[in-house]
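As a plain string of letters, each chain reads:
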Protein chains: 2
Amino acid sequence: MLNARPGVREETITKVQEAVGRLGYVRDTYAANLARQRQYRFVFVLPEGPSQFAIALEAALQEAFSSHFADRTVLKIVRIPAHDPHAIVQILQGLQHLPLDGVALMAPETPQVRDAVSRLKESGLAVVALASDLPNTKRDYFIGINSIAAGRTAGLLMGRFARTGGEILVATNSMRSRDSLERRLGFEAVISGEFKGLKVLPSVESFDNPTRMEEIVREVTATRRRLVGVYSMGSGNAAILRALRRSGRIDDLVVIAHELTPATRRALEENEIAALIAQNVGHLARSALRVLRNLCDDRPIFEAQERVRIEIILRENLP
Amino acid sequence: MLNARPGVREETITKVQEAVGRLGYVRDTYAANLARQRQYRFVFVLPEGPSQFAIALEAALQEAFSSHFADRTVLKIVRIPAHDPHAIVQILQGLQHLPLDGVALMAPETPQVRDAVSRLKESGLAVVALASDLPNTKRDYFIGINSIAAGRTAGLLMGRFARTGGEILVATNSMRSRDSLERRLGFEAVISGEFKGLKVLPSVESFDNPTRMEEIVREVTATRRRLVGVYSMGSGNAAILRALRRSGRIDDLVVIAHELTPATRRALEENEIAALIAQNVGHLARSALRVLRNLCDDRPIFEAQERVRIEIILRENLP
DNA sequence: GTTGAAAAGAGGTACGTTCCTCAGATACGC
DNA sequence: GCGTATCTGAGGAACGTACCTCTTTTCAAC
């Protein structure tokens, strides 16, 4: 009666509404779901490969289930080859014919992916972009941090940590990714605006090739004597750190990287990395589940709760 | 049958357990609570007065209720005069005769409070210490950050942000509080261990008197020409900031404070405060509720989820 | 073997909700 | 006014669990 059953008189509705307000009734969502035998069927689409981030996210989802947070949800995790838009599209297509309520998607933004997402939406699924936004698609929600703000935070830290003027190396996997572009944008804006003594060098890219990254960093450290800092915007931290250690200059450089992984944690503990910009993966996972559920029941989303914080991690506040 | 009903044969128990394992049965906590008409009755004991922290915490609790996080929970918030141990004890005594399942307590540690907490425990309540730990009591759990680590984090930030050697002022409400002691301890350990050029001055205390604090800070800034930084460990940020602004030196000092409040937020935005050490109040509230519930049902506590992070907030990553 | 008490388990009801069924109400055409 | 078709709303079963009651089983003492 409380639900929009077709064929209830207007008058009755208002009468019920009024009584509801008067008695202070609040619906017991859980009893409702129990009665309805509600199941939330979600798929999480994550990049394949040995991505520490995806591993951590999967662990966080596991955690959500073990703590009854994800009761009444059935979850499937699908891995996609992050750099093959065609394959991604194919996999997303396949989802349309599954009995499914929602999809959380972490994929680089390409025109093909955009189209595939829009088609998912049209087939009635709830879709959230995870960690990396997909603007200009019909995705319902984005859960992750603002890349520009993350870059600005890194820039501010770099500027304050660097004790002398000099050059900053910015390294990433690929500048074709929107996240990298935005991080650099934010980083550079702060450095050039507030720290005149620092100069940000052109970004170097590894294109998923650790050896290549190691080689580039080796060369830069060898030739750029005025180098004072390194900002690693994406994956490939291990290779960068290896090259920096070899160069013998790691203790004199301010290194700032993204995401807490076993490698970055160790480097932080060893004072090799000065600071880490991270997002709480557990929060990301829970947010995605909560938002997807709310979308399915078309209930409102509590924006404040879903805002993912840009965390700064130093040696002393490692979680 | 699944619950420890007295008078079930050993053999039957193991048989059931086995079947449970085999079928992969997981209890639907919510259906159980529905059947049992479970109500969790908690009291949150918070310091009275215009504490921004308490206000934020209250808002966070409100939020938990509105997002169905706190379903089946009835909550009462009680304010205590933080500096009157006798009154605190009296209020805690009063709780024992209420129909109650658990208490979350934020109170300075004194012998009287310790005793009162132990008595609460003995009357069968679940008790968690909130924000400020109460060791050497029978409290079940502490939800908050490690003060020594928080102090160390502030120390590391101060050391790296200060561009020249000099003196650091440490201000607090009262060094009689364990939190202040520990924060200073951690702060000093890092500074004296790693930043030889910096010298931490003896702590100054306001004893809940903003005017006094303002006066002290005014004097220190006027006389200590080598002052390079201020670490505000507790409340009283507004008074400290006021004095620093008057001194005309605020732009040359590295100011680090605790907790995100309207005042500290503004100062951060204005570049008056360099960094803030904070804890996520929303997380604190949800953790407290979750832990209390688990304690009541004596279910295990998921430590990793309840660990409160030491957040570092700069101008660029303000939430 | 009988008795009786205690232990074990089976069965039914209730929790707050949804959804289905069915009966009563209403409207409409003749 | 009557029959029929459509609306409306009331009533009950079910969801997964707990808890109470009642019957059956077990076991010790005689």
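Residues numbered from 1 in each chain as written. Chains lettered and ligands numbered in written order. Predicted model: local features only at pLDDT ≥ 70, side-chain atom pairs only at ≥ 80, totals over all residues. Heavy atoms only, no water.

Residue and element names in this part refer to chain B. Examined against the element boundaries, R41 turns out to sit in strand β1 (residues 40-47). Note on R41: relative accessible area 30%, which makes it partly exposed. With 35 residues separating them in the primary sequence, R41 and K76 have C-alpha atoms 8.2 Å apart. (Helix = DSSP H or I, 4+ residues; strand = E, 2+ residues; numbered from the N terminus. Buried < 20%, exposed > 50% of the residue type's maximum accessible area, 1.4 Å probe, protein only.)

The next point concerns the sheet that holds strand β2 (residues 73-80) of chain A. Residues and elements named next belong to chain A. The five strands are arranged β2-β1-β3-β4-β5 in an open sheet whose pairing can be described as parallel. If you trace the sheet from one side to the other, it starts and ends with β2 and β5 (141-143), each paired once. Taking the axes of each pair of neighbouring strands and ignoring which way they run, one obtains an average angle of 20 degrees across the sheet. Pairing of strand β3 (residues 102-105) with strand β4 (residues 126-130), which is carried by four bridges, proceeds in the parallel orientation. The partner of G102 across the bridge, within β4, is A126. With respect to the sheet, helix α3 (residues 52-66) is in contact with β1 (40-47), β2 and β4, its orientation differing from that of β2 by roughly 170 degrees. Its contacts with the sheet put helix α5 (residues 111-122) on β3 and β4, and the angle it makes with β4 is roughly 145 degrees. (Pairing = 2+ DSSP bridges. Axes fitted to C-alpha atoms, helices over the stretch in contact; angles between N-to-C directions. Contact = heavy atoms within 4.5 Å.)

Residue and element names in this part refer to chain B. The five strands lie next to each other as β2-β1-β3-β4-β5, forming an open sheet whose pairing is parallel. Among the strands making up the open sheet, the edge pair consists of β2 (73-80) and β5 (141-143). Strand after strand, the sheet turns through a mean of 20 degrees between neighbouring axes, direction not considered. In this structure, β1 lies alongside strand β3 (residues 102-105), joined through four bridges in parallel fashion. The partner of V43 across the bridge, within β3, is V103. Across the sheet, helix α11 (residues 281-296) lies against β1, β2, β3, β4 (126-130) and β5, angled at about 140 degrees from β1, the strand it touches most.

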